Amino acid sequence: MRLGKRLSQKRKDLGMTQTELAEQMHVTRQTVSRWESGAVYPDVTKIAELASLLHVSCDYLLQDEMEQDAGEESVEMPAVSRLLQNTVGKRVKLGFYDDEEDIDLEDTECLVKGFEGNWMQVEITNGKEAVQKLVAVSSILSVQLIDGE
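Keep in mind the model is a prediction, meaning the values are calculated, not measured. Residue positions within a chain follow its written sequence, with the count starting from 1. Where local features are concerned, this predicted model is filtered to residues with pLDDT of at least 70; where side-chain atom pairs are given and counted, the filter is 80 or more; whole-chain, interface and lining totals use all residues. Note that the side-chain values use all heavy atoms of the structure and ignore hydrogens as well as water.

> Explain the sheet that holds strand 5 (residues 140–145) to me, please; I cannot follow it from the model alone.
Whether parallel or antiparallel, the strands of a sheet pair through hydrogen bonds between backbone atoms. Pairing in this open sheet of five strands is antiparallel, and the strands run 4-3-2-1-5 from one edge to the other. Looking at which strands have only one partner, the edges of the open sheet turn out to be strand 4 (129–136) and strand 5. Neighbouring strand axes in the sheet, compared pairwise and without regard to direction, differ in orientation by 40 degrees on average. When DSSP finds two or more bridges between two strands, those strands count as paired. Helix numbering and strand numbering both begin at the N terminus, where a helix is a DSSP run of H or I of at least 4 residues and a strand a DSSP run of E of at least 2. Relative to strand 3 (residues 119–126), strand 2 (residues 109–116) is paired through five bridges, and the arrangement is antiparallel. To obtain each axis, a line is fitted to C-alpha atoms, and for helices this fit is confined to the stretch in contact; angles are then taken between N-to-C directions over 0 to 180 degrees.

The structure is reproduced here in structure tokens:
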């Protein structure tokens, strides 16, 4: 089940309209509609808020394989969500929590190569040299896709 379908179903299960959810999320009804249709993903900062409002876990919203609510019997899930998995092979700029800032990657474009557990493998090009680095996923505050990707 996809993120948009899960949002829509949980919202309806709670008897909430798109407008009501939009008001609680401080976005427009059209934004909620685009999330539910799968046209766009909610901003990373909105995922936890959505999960809280809909009484589900972030993993439930983001991972296709998970078919159970947070209160039900748990299933083993991969460490990295589908949302982040979609960045593999794309150029991004990473934002970090203040106390977790990575000087090498500050305001720098990098190529996401893959994930190893809770680590993101990125490649930075310094002049003609490409350097690969592992970044703790937990230190990442935001991921900005670079235009043209």
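> Quick question: what am I supposed to make of the nonpolar core here?
Nonpolar side chains in soluble globular proteins generally cluster together in the buried interior. Within this scheme, the nonpolar core is defined by two criteria: the residues are buried Ala, Val, Leu, Ile, Met, Phe, Trp, Tyr or Cys, and they are joined through side-chain atoms within 4.5 Å. Buried, partly exposed and exposed residues are distinguished by accessible area as a fraction of the type maximum, computed with a 1.4 Å probe on protein chains only: under 20%, between the cut-offs, and over 50%, respectively. With 17 residues, the main nonpolar core has Leu7, Leu21, Trp35, Leu50, Val56 and Leu61 as its most contacted residues. For this core, the secondary-structure elements that each account for two or more residues are helix 1 (3–13), helix 2 (18–25), helix 3 (29–37), helix 4 (44–54) and helix 5 (58–62). Counting residues per element, this core draws most heavily on helix 4, which supplies four residues. In this structure, Leu61 is in contact with Leu3, Arg6, Leu7, Ile47, Leu50, Ala51 and Val56, ignoring residues within four places of it in sequence. Of all hydrophobic cores here, the second largest spans 14 residues; its members include Leu105, Cys110, Val112 and Phe115. Whether two residues are in contact is decided by their heavy atoms: any pair within 4.5 Å suffices.

> Would you mind showing me how to read the packing of helix 2 against helix 4 here?
Between two packed helices, what matters for the description is the angle formed by their axes and the separation of those axes. Where helix 2 contacts helix 4, the axes come no closer than 11 Å and their chain directions differ by 125 degrees. With respect to each other, helix 2 and helix 4 are oriented oblique. Note that helix 2 runs across helix 4; the crossing there is right-handed. Listed contacts from helix 4 to Leu21, Gln24 and Met25 of helix 2 are Lys46, Glu49, Leu50 and Leu53. Three categories are distinguished: nonpolar for Ala, Val, Leu, Ile, Met, Phe, Trp, Tyr, Cys and Pro, charged for Asp, Glu, Lys and Arg, and polar for the others, with Gly belonging to the last. Its residues placed into classes, the contact of helix 2 with helix 4 shows four nonpolar, one polar and two charged. For this classification, under 35 degrees means roughly parallel, over 145 means roughly antiparallel, 65 to 115 means roughly perpendicular, and everything else is oblique. Should the near helix be turned anticlockwise from the far one by less than a right angle, the crossing is termed left-handed; should it be turned clockwise, right-handed.

> Mind showing me how you'd approach unusual backbone geometry here?
With the exception of glycine, the majority of residues adopt a negative phi angle, and the majority of peptide bonds are in the trans configuration. Its identity is not glycine, yet His26 carries a phi of approximately 65 degrees, on the positive side. Residue placement: His26 occurs in the loop between helix 2 and helix 3. According to the relative accessible area criterion, His26 is exposed, its value standing at 67%. Residues other than glycine seldom take positive phi values, yet His55 does so here, at roughly 60 degrees.

> Explanation requested: the side chain of Gln18 in the structure shown.
For Gln18, the position within the fold is in helix 2. Under the relative-accessibility criterion, Gln18 is labelled buried at 17%. Within 3.5 Å is the distance limit for a polar contact, defined as a pair of N or O atoms, with the added protein rule that one can donate a hydrogen and the other accept it, and that residues adjacent in sequence qualify only through two side-chain atoms. Polar contacts involving the side chain of Gln18 include one to the side chain of Glu36, which spans 2.8 Å.

> Could you clarify how one ought to interpret helix 3 in this entry?
In an α-helix, one turn spans 3.6 residues, which is why side chains three or four residues apart end up on the same side. For helix 3, the complete set of buried residues consists of Thr31, Val32, Trp35 and Glu36. The buried residues of helix 3 occupy an angular sector of 135 degrees when projected down its axis, which confines them to one face. Of the surrounding elements, those touching the buried residues of helix 3 are helix 1, helix 2 and helix 4. Among the residues trailing helix 3, Gly38 stands out with phi positive, at a value near 85 degrees. Summarising the geometry, the arc corresponds to the directions from the helix axis toward the C-beta atoms.

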